[in-house]
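Chains, contacts and geometry: an overview
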Amino acid sequence: LIQDEMYFTETGKLVIVDRFLVLPVDATAPKFLQDKSSLFKLGRSVIDRSVEKHAVIDFSFRDLKDPIDALRVTPVTGDAHQARPIFRPPSQDRVPEAVTFGNNDAANQGTRKLIVAKNRKGEEEAYEFEIKALIRTETEDKKSDDDVKMQQLASKLASKYDGEVVRLCNNSIHTANNLVPVLRNLVANHFLTIQWIDLSNNKLTTVPDLSSLPLKTLYLHANSISDWQQIEEHVCVLPQLTSVTCHGNPIATKDKDYKQQLLMRIQRAKALLKGAAPIKLVDFVAVSACDTHVATMFSHFTLGGTVALAVKNAGSTTPRSPRKEVHRKSLSAPHL
C-alpha cells in the first residue's frame, strides 16, 4: 500500500504531497484502518476550497478616460447583483402616518409636524418636528456636473454588480478622484465587499481617497505618481492594506532608496493606527523580517538619527580627553 499525505493552504492550493510506503504491520494497525474507513465515509462531504474565488469586476483594456466611463460600458467579467426580497411587516404594525397640526394658524401652517411613534417599551408617544430644519436650500441641493452625470448613467444600469475585486488597469485614466462615488453606484455593498482595486498601467498623477473601503490590496504600478505625499495621505493610512505596488512610477525610478522609503512610510503610518494589519507584499515581493529591520534603521537615520547625534555633540560642554598616543618600541635583535 502507498499512503499520500497532502497539505493545502487556506485558499485551497496544494503545497505539499508526501508519499510513502505503508508497511504490512502498519496496514493492519487499528489506527490506520480507522483513518482509512473515516476517509472513505467522508468522501462525499469533502469541501473543495479551490472553487472559492474572488468575484472580479474587470474593466481592463476598455479605453476608460475617467472612472465614470465604467458606468457606460459593460465589464469584461462581472456577476450581476440579485437583490433579495425585503420583508415588510404587516400593515397594523406600521407606524401611523404623520399628522400635521397648526392648520388654524396661517403663519405656521405646514411648518410643523406631529409624529406618533412607539418607544422601546411599546408605548405610543408624540414627537414634534420643525419642517424648516429638514428642508435644504437650493444651494445645498445643487450638485456638480459629475454627480448629475453619474446619477443619469446609474439609472440606466440594469443592475449593480457583486464583486470583491475591481480592475481598472490598462486604461487611460488621468484622475480617479470620483472613483468611490462611481463604485457606490456600480457595486452592491461596496463599502463592505471591495478588498482589491487594480489601477495599474494608467496615467494617474494622484491617488484617490479610498479610506472608506476595506482595501487589502492596491495596485498603482506603471502610473505617473511623482509625489510621496500622495502615497502617505492615501495609501499608507489604509489600515487593512497588506499588499501594494508602486513600481514604475517616478517616485520609484528617481529614488535609489525607493523600497526603503515606501516601507518606512507604511510602517510609520501603521504604527499610529490601532489594529492595523502588517504589510506583507510590496511590488509582488514578500516583505521579510530583514526588509522590516532595514526600513526601521533607514527611518531612524532619515528622520533625524544622525542629526540628533550631531546636535548632541555640538551642545556638549564637557571637554574631550586628549587621545592617548601609544608609542611602540621597535623590537630588534641585539648587535653582537
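Residues numbered from 1 in each chain as written. Predicted model: local features only at pLDDT ≥ 70, side-chain atom pairs only at ≥ 80, totals over all residues. Heavy atoms only, no water.

Here we look at the overall build of the chain
- Secondary structure summary: the chain contains ten helices and 14 strands in total.
- Looking at the chain as a whole, 28% of its 336 residues qualify as buried.
- For the chain, long-range pairs separated by at least 24 residues make up 58% of all intrachain contacts whose partners lie at least 6 apart in sequence.
- Working note: accessible area of the chain is about 24,200 Å², and carbon and sulfur atoms make up 55% of it. (Helix = DSSP H or I, 4+ residues; strand = E, 2+ residues; numbered from the N terminus. Buried < 20%, exposed > 50% of the residue type's maximum accessible area, 1.4 Å probe, protein only. Contact = heavy atoms within 4.5 Å. Areas by Shrake-Rupley, 256 points an atom, 1.4 Å probe, with all protein chains shown as cover.)

Thoughts on the nonpolar core
- Judged by nonpolar contacts, the single largest core of 49 residues is most densely connected at Ile-197, Leu-218 and Ile-231.
- For this core, the elements supplying multiple residues, two or more each, are helix H4 (145-155), helix H5 (179-186), helix H7 (228-234), helix H8 (250-253) and helix H9 (258-271).
- Once you skip the residues sitting within four places of it in the chain, Ile-197 turns out to touch Val-166, Leu-179, Leu-183, Leu-210, Leu-213, Leu-215, Thr-217, Leu-218 and Tyr-219. (Core = buried A, V, L, I, M, F, W, Y, C linked by side-chain atoms within 4.5 Å.)

Quick notes on the packing of aromatic side chains
- According to the stated counting rule, one finds three aromatic pairs in the structure shown.
- On the numbers, 5.6 Å between centres and 80° between planes, the contact of Trp-196 with Tyr-219 is edge-to-face. With Trp-196 in strand E10 (residues 196-198) and Tyr-219 in strand E11 (residues 217-219), this pair connects stretches of sequence that are 23 residues apart.
- The class for Trp-196 is partly exposed, based on a relative accessible area of 26%.
- Given a relative accessible area of 12%, Tyr-219 falls into the buried group. (Phe/Tyr/Trp six-rings, centres within 6.5 Å; stacked < 30°, edge-to-face > 60°.)

Brief notes about the side chain of Asp-291
- Locating Asp-291 in the fold gives a position in helix H10 (residues 289-314).
- Leave out the neighbours within four places in its chain, and Asp-291 touches Lys-259, Leu-263 and Ala-286.

Quick word on H5
- Of the positions making up H5, those classed as buried are Leu-179, Val-180, Val-182, Leu-183 and Leu-186. Down the axis of H5, the buried side of the element spans an arc of 155°, and every buried residue falls inside it.
- Looking at the buried side of H5, the elements it contacts are H4, strand E8 (161-162), strand E9 (165-167), helix H6 (190-193) and E10. (Arc of directions from axis to C-beta.)

Describing the sheet that holds strand E13 (residues 281-282)
- The strand order across the open sheet formed by seven strands is E3-E9-E10-E11-E12-E13-E14, and the pairing between neighbours is mixed. Each edge of the sheet is formed by a strand with only one pairing partner; in this case those strands are strand E3 (56-58) and strand E14 (285-286).
- As defined by bridge partners, E11 adjoins strand E12 (residues 243-245) across three bridges and the pair is classed as parallel. When the bridges of E12 are listed, Tyr-219 appears paired with Thr-245. (Pairing = 2+ DSSP bridges.)

A closer look at empty space enclosed by the protein
- Applying the stated criterion to the full structure yields one cavity of 30 Å³ or more.
- Quantified by volume, the largest cavity comes out at close to 30 Å³.
- Around the largest cavity, the lining residues are Phe-59, Pro-67, Ala-70, Val-166, Leu-168, Leu-179, Val-182, Leu-183 and Leu-186.
- If one sorts the elements of the lining of the largest cavity by residue count, H5 sits on top with four residues. (1 Å grid on protein atoms, 1.4 Å probe; cavity = no way out; pocket = protein on both sides within 12 Å on 5 of 7 lines; lining within 4 Å. Points joined across faces, edges and corners; volume = space filled by probe spheres on them.)

Overview of unusual backbone geometry
- Positioned with a positive phi, Asp-63 is a non-glycine residue whose angle comes to about 55°.
- Structurally, Asp-63 can be placed in the loop between E3 and strand E4 (79-80).
- One non-glycine residue, Asn-201, lies in positive phi territory at about 55°.
- With respect to the helices and strands, Asn-201 occurs in the loop between E10 and E11.

Overview of the pattern of salt bridges
- Summed over the entire model, instances satisfying the criterion amount to five salt bridges.
- As a salt-bridge pair, Asp-69 and Arg-72 come within 2.3 Å of each other at their nearest N and O atoms.
- A relative accessible area of 17% means that Asp-69 is categorised as buried.
- For Arg-72, a relative accessible area of 46% gives the class partly exposed.
- Where Lys-259 meets Asp-291, a salt bridge forms, and the shortest distance between an N and an O atom there is 3.5 Å. Of this pair, Lys-259 sits in helix H9 while Asp-291 sits in helix H10, and the two are 32 residues apart along the sequence.
- Taking the relative accessible area as the measure of exposure, Lys-259 reaches 32% and is therefore partly exposed.
- Using a relative accessible area of 19% as the deciding quantity, one classes Asp-291 as buried.
- When salt bridges that share partners are traced, they join Glu-232, Arg-265 and Arg-268 into one network. (Salt bridge = Lys/Arg side-chain N within 4 Å of Asp/Glu carboxyl O.)

A closer look at the side chain of His-190
- With respect to the element layout, His-190 can be found in helix H6.
- The contact partners of His-190, leaving out residues within four places of it in the chain, are Leu-183, Arg-184, Leu-213 and Pro-214.

Focus on the environment of Ser-299
- Here Ser-299 lies in helix H10.
- Here the alpha-carbon distance between Ser-299 and Gln-260, two residues 39 residues apart in the chain, equals 8.2 Å.

Points about the environment of Ala-276
- When you line up the elements, Ala-276 lands in the loop between H9 and E13.
- Overall, Ala-276 belongs to the partly exposed group, its relative accessible area being 24%.

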